[in-house]
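Results of the structural survey
Read off the chains here:
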Amino acid sequence: MPVYKNISGVVTKAKAVRFLTANGWKYAGIRYGSSLVSCHHLIKISTAQENFNLKTYLGNPSGPVTALVIIDSGITIGATTTANAAFDTGALAAGSYVRIINKGNIYGMGGAGGNGGNTTNPTFVDGSVGSIGGNAINIQCRTDIDNYAYVFSGGGGGGGAAGMTNGSAGYGGSSGGGAQGYGTSGHGSPGISSGWGG
C-alpha cells in the first residue's frame, strides 16, 4: 500500500519511512514502485570509496535483500581500473531491491591513450586507438537511483597519431592522451622512427 507525505499542502508518495528510536532515526521501509517494502539494510557512505561492491559489503548474502544506500554530499566513489565500475550492486539474489540516494560523486576510470604510430623506411603506420573508459555504476538487480549530484563514466582515451615522413626522414607519431575520470589509465607510448639515413 502506498505511503504518502504532505509538505505544505503538496501530497506525494514517500520514498522511505523512518522512525525515531533511542539510537536515532531508523528506516522502516523504502518505496518500490507503488509499494513500501521493508528495508533490511541502511548503508550510509560518508567516506571515500573505491570499487565499491554492495554485495561484498553486505557479506555476500545468499537470499534476496532490500537496501537503501545513501552517499553523502562531497563523498566520491571511484573506480581504479576500467574493468571495474565505481559502484557495483553485485549479483544479489533474485527478488533483491536497491535504492541509491546519491548526493556525492560516482566516477568511472578514464581510458588510456593510444600508442603513436611507428615509421620504418619507407613505410609508416597509423597510431592505435585509445581505450574505452570504465562505467560509473554496474546494476545487477532491481535498482532505483535518486541522483542529486554527479555520476560520470570515464572518458575514452585519445588515439595515437600516425607516424610521418617527409621523404627523407621519419617521425614517430605522438601518443594519445589519457581520458578524464576518477583516474586515468595513462597516455600511450610515442611511436619510433628507424631505417632512415642520417
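In case you missed it, the structure is sitting above this.
This section reports on the structure supplied with the text. (Residues numbered from 1 in each chain as written. Predicted model: local features only at pLDDT ≥ 70, side-chain atom pairs only at ≥ 80, totals over all residues. Heavy atoms only, no water.)

Focus on the nonpolar core
One recurring pattern in soluble globular proteins is that nonpolar side chains are buried together. What counts, and what does not: Note on terminology: a nonpolar core comprises buried Ala, Val, Leu, Ile, Met, Phe, Trp, Tyr and Cys residues joined through side-chain atoms within 4.5 Å. The buried label applies to any residue whose accessible area, calculated with a 1.4 Å probe on protein chains only, is under 20% of its type's maximum; exposed applies above 50%, and partly exposed to all values in between. Numbering of helices and strands runs from the N terminus; a helix is a DSSP stretch of H or I covering at least four residues, while a strand is a stretch of E covering at least two. Note on definitions: a residue-residue contact is assigned when non-hydrogen atoms from the two residues lie within 4.5 Å.
The biggest cluster of nonpolar side chains holds 21 residues, and the ones touching the most others in it are Ile 45, Leu 54, Val 69, Ile 71 and Phe 87. Looking at this core, the elements with two or more residues in it are strand S6 (41-45), strand S9 (66-71) and strand S12 (97-102). Ranked by residues supplied to this core, first place goes to S9 with 3 residues. In contact with Leu 54, other than residues within four places in its own chain, are Ile 43, Ala 67, Val 69, Asp 88, Thr 89, Leu 92 and Val 98.

So, the pairing of S12
We apply this condition: Pairing between strands is defined by DSSP: at least two bridges between them are needed.
Burial runs high along S12: 6 of the 6 residues are buried. Residues Tyr 97, Arg 99 and Ile 101 line one face of S12 and the alternating positions Val 98, Ile 100 and Asn 102 line the opposite face, and both faces are buried. Inspection of the sheet shows S9 paired to S12 by 6 bridges, in the parallel sense. When the bridges of S12 are listed, Ala 67 appears paired with Val 98.

Here we look at the side chain of Ser 96
Definition in use: We call two N or O atoms a polar contact when they sit within 3.5 Å, provided that within protein one can donate a hydrogen and the other can accept it, with sequence-adjacent residues counted only if both atoms are side-chain atoms.
Structurally, Ser 96 is set in the loop between strand S11 (87-88) and S12. A polar contact of 3.0 Å, which involves the side chain of Ser 96, links it to the backbone nitrogen of Val 65. Among the polar contacts listed, one links the side chain of Ser 96 to the backbone oxygen of Ala 93, at a separation of 2.7 Å. Apart from the residues within four sequence positions on either side, Ser 96 is in contact with Gly 63, Pro 64, Val 65, Cys 141 and Arg 142.

Examining the packing of aromatic side chains
Going by this rule: Between the rings of Phe, Tyr and Trp (Trp by its six-membered ring), a pair exists once the centres lie within 6.5 Å; its type follows the angle of the planes, with under 30 degrees stacked, over 60 edge-to-face, and the other angles tilted.
Under the counting rule described, the total for this entry stands at 4 aromatic pairs. When the ring of Tyr 107 is compared with that of Phe 152, the centres are 5.8 Å apart and the planes differ by 5°; the resulting orientation is stacked. Of this pair, Tyr 107 sits in strand S13 (residues 105-107) while Phe 152 sits in strand S18 (residues 150-152), and the two are 45 residues apart along the sequence. A residue is classified by how much of its surface remains accessible, and Tyr 107, at 22% relative accessible area, is partly exposed. Judged by relative accessible area, Phe 152 falls into the partly exposed class, the value being 45%. Ring geometry for Tyr 150 and Phe 152: centres 5.8 Å apart, planes at 40°, overall tilted. In this structure Tyr 150 comes out as partly exposed when scored by relative accessible area, which is 45%.

Digging into the environment of His 40
By the secondary structure assignment, His 40 is in the loop between strand S5 (35-38) and S6. Using a relative accessible area of 45% as the deciding quantity, one classes His 40 as partly exposed. Sequence separation between His 40 and Thr 66 is 26 residues, and the spatial gap between their C-alpha atoms is 5.3 Å. Sequence-distant contacts of His 40, that is, excluding residues within four places in its chain, are made with Pro 64, Val 65 and Thr 66.

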